[in-house]
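# Tertiary structure, described
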Amino acid sequence: MDDKKDLKNTFYTIAMRGMVAFPGMVMHFDVARPKSSEAVERAIKSGSKIFLVTQKEVAADNPKREDLYNTGVVAEIRQVLKMPDNHIMKVLVEGIYRAEIVEFEDTDEYMRAKVKRLPNFSKSKPEKCEVEALMRSLKEAFQKYSSFFERMPRELVTSVICEESPVKLFEQITFNCSLDYKDKQLLLEEDSIIGRLSILLASLSNENQILEIESQINEQTRENIDRGQREYFLREQMRVIQEQLGEDGAEEVSEYISRIIDLKIDEKSREKLIKEAEKLSKMSPASQEAYVIKNYLDTCLDLPWGKYSNSRISMKKSQAVLDKEHYGLKKVKERILEYIAVHKLNPDVKGQIICLVGPPGIGKTSIAKSLAKAMGRKYARVSLGGVNDESEIRGHRKTYVGAMPGRIINALIQAGTANPLILFDEIDKLSSNIKGDPSAAMLEVLDSEQNNAFCDHFIEVPFDLSKAVFITTANTTSTIPQPLLDRMEVIELTSYTAEEKFHIAREHLIPKQIKENGLKASQIKISDDAVNDVIEHYTKEAGVRNLERCISSLCRKSARIIASEEVKKVNIKSSNLTDFMGAYKYLSDLKSKQNQVGVVNGLAWTSVGGVLMPLEVLILKGKGTVEVTGSLGDVMKESAKLAISYTRSVAEKYNINPDFYKDNDIHIHAPEGAVPKDGPSAGVTMATALVSALSGIPVKSDVAMTGEITLHGKVLPIGGLREKTMAAYKADIKTVIIPIDNKSDLEEADDVVKKSVRFVYAENIEQVLDTALAKQENL
């Protein structure tokens, strides 16, 4: 390209972005790229002609030869205006002729091309009719095109319509229409007038279709804007009128609507709430109806729509929380940890609703609190004790005076999240009357297939309860309706043993009461013996509520002594416990101190734990009357009949008069007489006492027993073994006879009991008698 011959058709080159130049076309553009700027400056120095070629992709910043089209236009630079920052120059050019790249030079500073001149149009003559048809179609297309632009000069439109020359018609339309640069490049490369007119018609028709669709969209948008402006204008008028009347409800309505729009709820619910809010604008703010709607909207907006707490579950932390706040309850803790583990692995799990069943005061409610803390969820408690109205669960219709939402919705508002842990306390205390059955309303709440769209009567829009965790508590399952019980997994919490109560008092209750009564740990000391005496002689319960009251009483009395400045430290021991608490309220279990005939240590389970229940049998001369005393229930009376029948069957073996049931009266008594007793587990105790009383063989005083018997002397399994064995340990019993089928249940017994007590597993009553009777030499 350095030869003089070559320089004749060699021009500095600019790569055009999205623009196509044509011969005879005057156009201006901005130049910012360094190569293009250098090309302009060099072109001015060498004769003011420059080669303009369009690049194929607009996004290319540093185009190479393959990024450029082959055909471009040689143009003459008419004017160059450099901007003050010297980075951008405005260039005005006029196209001279078409040209095709022959050779191309791309340096770091500029681009230069050797080109071959092309005729602007081919010399072939087209058919006149075809040209005329294309020109008419183009004029119509251009007329339609110009209708989309209000600022299109009417003179230009008139000039195009009146144009007779196909070449000038092509140039006027092409130079004045914003067509796609790729279509324009096709027009530039085409050399026949027929071809150019055809391509131009297709491109212009396509552009008209796009402009028509765009016009429709703009028209629709304008209508929406106009409607919005009209509403705004009317609302402003209404606001001014209300201000003049002293009413400011419009601002309040707009605030309600704004808050409703921001809620994460479905469109149907949003429309209903907005409709309710719009009613306010037509009411006087002082009217009763406006108050009802405001109360309704405030309640709906207070609900935690789409708000969830981030529950990061740690099994170690959960274990630590449960161990720290609760002593014992090993099986319950294991089940709770299993529940937490499932929620950790599958946060969306549904259908797991736990019902904690057990006597009062054993920590059912506090376990639910600990579970919420372990799962990282908000906690809300709903007390169901004494609820007898369905509206307490589902809420009241908002049309009623004083209407309010149900307890479920209130719990969610209280928790502030849509996935709290909700405790339904005392679910067994629900009752029904003419106002409905609240337990039936609870069916929807506790059903994972239905509660994803729980609809409170007051709210009237569905709320998703499926992410919430539900825990229920009850003292017994007997009063819970079966369909409701079927939706829950029951975990039974048994009463605390004396050993567990001691640890709970030491680790939880005493530090708590010392703090609550304004004392310091250094000012009061309660010995272990004193704690055990309080448990044994001042409380008789399954839980620890009365125990806490007793400890609180000790702390209050100590606080009074210390506040009176009588002493600086109070020591409470077993020896001075009665000075603080008064005389013993409960005595130790009645245990025979020596081997006696007809007296046997039985074991019984009560709601407050296991107890030692001595059973006495006395044989008197008479006519075969059987007397049973001690507030025994029907089942125990039947056990007495079984024991008598079995004793008759083994009378010969133990040298018992075979006619004892005719010649003697039998009196069976179970102290304490005022305490009702029932159940089949005293069968072996009665049989042993009868055999001992009729044979004269004493029963060992350090042996206790429990078990149900059959007519043939087989020993059947019983319940409450853990509590019964603890009662035997407390009474210093050395040997406990239990049914062989209860052997596996001993795993639940306390370790201290298993170490201190010898267990005998009886399959039949003969094994019981062999262990319990003191001597059998004369048999």
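For every chain, the first residue of the written sequence is number 1, and numbering continues from 1 along that sequence. For this predicted model, a pLDDT threshold of at least 70 governs which residues receive local features, and a threshold of 80 or more governs which side-chain atom pairs are given and counted, while totals over whole chains, interfaces and linings are taken from all residues. As a rule here, side-chain values cover all heavy atoms of the structure and leave hydrogens and water aside.

## Things to note about the overall build of the protein
The helix and strand labels rest on DSSP assignments: H or I over at least four residues marks a helix, E over at least two residues marks a strand, and numbering proceeds from the N terminus. A count of helical and extended segments in the protein gives 27 helices and 24 strands. Note on method: radius of gyration uses C-alpha positions; expected globular size equals 2.2 Å times residues raised to 0.38. The globule rule puts the C-alpha radius of gyration for 779 residues at 28 Å, and the 50 Å found for the protein is more than 25% above it. Exposure classes here rest on a 1.4 Å probe applied to the protein chains alone. A residue is buried below 20% of its type maximum, exposed above 50%, and partly exposed in between. Out of the 779 residues in the protein, the part that is buried amounts to 46%. The contact criterion used throughout is that any non-hydrogen atoms of two residues lie within 4.5 Å. Of the contacts made within the protein by residues no fewer than 6 positions apart, 72% connect residues no fewer than 24 positions apart. Accessible surface, the protein as shown: approximately 40800 Å² in total, 49% of it carbon and sulfur. On the protein, the mean spot of the 108 positive side-chain charges and the mean spot of the 115 negative ones are 3 Å from each other. Calculation of accessible area relied on Shrake-Rupley with a 1.4 Å probe; when residues are assessed, cover is drawn exclusively from the protein chains displayed. Charge counting follows a simple rule: Lys and Arg are positive, Asp and Glu are negative, and His as well as the terminal groups are ignored. Every charge is mapped to an atom, namely NZ of Lys, CZ of Arg, CG of Asp or CD of Glu.

## Notes on the pairing of strand β23 (residues 735-739)
Of all 5 residues in β23, 5 are buried, a share of seventy percent or more. Pairing between strands is defined by DSSP: at least two bridges between them are needed. Bridge count between strand β20 (residues 703-705) and β23: 3 bridges; the pairing is parallel. Note that in β23 the partner of V703 across the bridge is T735. Both β23 and strand β24 (residues 758-762) contribute to a ladder of 5 bridges, which runs parallel. What sits directly across from P739, in β24, is A762. Clockwise travel from the first strand over the helix to the second, with the strands pointing away from the viewer, marks a crossover as right-handed. The handedness of the β23 to β24 crossover, carried by helix α26 (residues 751-756), is right-handed.

## Looking at the packing of aromatic side chains
Two aromatic rings, drawn from Phe, Tyr or Trp (for Trp, its six-membered ring), form a pair once their centres lie within 6.5 Å of each other, and the interplanar angle then sorts them: stacked below 30 degrees, edge-to-face above 60, tilted otherwise. In this structure the tally under the stated criterion is 9 aromatic pairs. Plain terms: the ring middles of Y12 and Y110 are 5.3 Å apart, the flat faces sit at 80 degrees to each other, and that makes the pair edge-to-face. Highlighted residues: Y12 in strand β1 (residues 10-16) and Y110 in the loop between β5 (89-106) and β6 (111-118), separated in sequence by 98 residues. Of the two residues, Y12 and Y110, neither departs from the other in class, the shared state being buried. Summarising the aromatic geometry, the rings of Y538 and Y584 are spaced 5.7 Å apart at their centres and angled 90 degrees between planes, so their arrangement reads as edge-to-face. One end of the pair, Y538, is in the loop between α19 (528-537) and α20 (545-563); the other, Y584, is in the loop between α21 (577-581) and β16 (599-606), and 46 residues separate them in sequence. For Y538, a relative accessible area of 4% corresponds to the buried category. Given a relative accessible area of 36%, Y584 falls into the partly exposed group. Linked through ring pairs, F22, F170 and F175 together constitute an aromatic cluster. For a ring to carry a charge above it, either NZ of a lysine or CZ of an arginine must fall within 6 Å of the ring centroid while also lying within 35 degrees of the normal to the ring plane. R117 extends its terminal NZ or CZ atom over the ring of Y97, reaching a point 4.0 Å from the ring centre.

Spatial relationships are all this shows, so hold off on functional conclusions.
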